[in-house]
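# Coordinate analysis (summary)
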Amino acid sequence: DGNAANTNTSVFETGTLGNSITSTTNGIGVVSKGEKATVNILSNGINLAGHSALNAGSLGVFIEDSNINNAGTIETGDYGTAVYLKGNSAARNIALGGFKTGNNGVGIYLENQNIIDSISSITTGTNGIAVYSKNGDVDLNVLNSGLFTLGAGSTGYFLENSTLRTSLGTANVTLGND
């Protein structure tokens, strides 16, 4: 039921037989709340490629104080957000895998979120944001291991009341053409 105090463990798995979650207009792939909940996105992932006439984008995955293991790709279209992480529970596993957004999209939106265990890649369209962090710490020791491919006019890290931390040096970022 998403309640962090829930004593039951809930697990949701998707992606074993093709893109089992798809949408052509502003959809939501998976919502998970509570420390005992886990989302496992297997080989093929989630594809929410469209957006509405009012430019409302899709949301691939919303995770609040839950676990995520993404072995596939989470893809949203223009104006979409691939992954929205909220909360600051320390006893979680956040393995993000890869994700892609269309133009004006956001790869990862972090709200009060300080934990990411692993990431493989983030790709944005034009004028996108790879990582948007609000009220949290962004640890480049983890994010440096992922490949960022940014479209023209895009931003790698946008921090709002957040801190960027690293001890490893530079990030692996491929920039657009402007």
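This section reports on the structure supplied with the text.

Criteria and cut-off values
Residues numbered from 1 in each chain as written. Predicted model: local features only at pLDDT ≥ 70, side-chain atom pairs only at ≥ 80, totals over all residues. Heavy atoms only, no water. Helix = DSSP H or I, 4+ residues; strand = E, 2+ residues; numbered from the N terminus. Buried < 20%, exposed > 50% of the residue type's maximum accessible area, 1.4 Å probe, protein only. Contact = heavy atoms within 4.5 Å. Areas by Shrake-Rupley, 256 points an atom, 1.4 Å probe, with all protein chains shown as cover. Pairing = 2+ DSSP bridges. Axes fitted to C-alpha atoms, helices over the stretch in contact; angles between N-to-C directions. Phe/Tyr/Trp six-rings, centres within 6.5 Å; stacked < 30°, edge-to-face > 60°.

Next up on the list: the overall build of the protein. Counting its secondary structure elements, the protein contains one helix and 19 strands. Across the 178 residues that make up the protein, the buried fraction comes to 48%. Partitioning the contacts of the protein with sequence separation of at least 6, the portion at a separation of at least 24 is 68%. On the protein, roughly 8,100 Å² of surface is accessible, and the fraction owed to carbon and sulfur atoms is 47%.

Before going further, it helps to spend a moment on the sheet that holds strand β17 (residues 155-160). Sheet strands associate in pairs through backbone hydrogen bonding, adopting either a parallel or an antiparallel arrangement. Strand order in the open sheet made by the six strands is β3-β6-β9-β12-β14-β17, with parallel pairing throughout. Sheet topology places β3 (28-33) and β17 at the edges, where each strand pairs with a single neighbour. Ignoring which end each strand starts from, the neighbouring axes of this sheet average 10° apart. In the sheet, strand β9 (residues 81-86) pairs with strand β12 (residues 106-111) via five bridges, with the strands oriented parallel.

Once that is clear, we can look at the side chain of threonine 76. Its location among the elements puts threonine 76 in strand β8 (residues 73-76). Setting aside anything within four residues of it in sequence, one finds threonine 76 in contact with Leu48, Ala49, Ser58, Leu59, Gly60, Thr81, Ala82, Lys100, Thr101 and Gly102.

This brings us to the packing of aromatic side chains. One pass over the full model with this rule turns up five aromatic pairs. Relative to tyrosine 84, the ring of phenylalanine 62 has its centre 5.0 Å away and its plane inclined at 50°; by these criteria the two rings are tilted. Taken together, the residues phenylalanine 62 in strand β6 (residues 59-64) and tyrosine 84 in strand β9 connect sequence positions 22 residues apart. Relative accessible area serves as the criterion here: at 13%, phenylalanine 62 is assigned to the buried category. Aromatic pair tyrosine 132 and phenylalanine 158: ring centres 4.7 Å apart, planes at 20°, arrangement stacked. Here the residue tyrosine 132 occupies a position in strand β14 (residues 129-134), and phenylalanine 158 occupies one in strand β17, the gap between them amounting to 26 residues. A relative accessible area of 15% places tyrosine 132 in the buried class.

Looking now at the environment of arginine 165. Position of arginine 165 relative to the elements: it lies in strand β18 (residues 163-165). Judged by relative accessible area, arginine 165 falls into the partly exposed class, the value being 45%. Along the sequence, arginine 165 and valine 138 sit 27 residues apart, while their C-alpha atoms lie 6.1 Å from each other.

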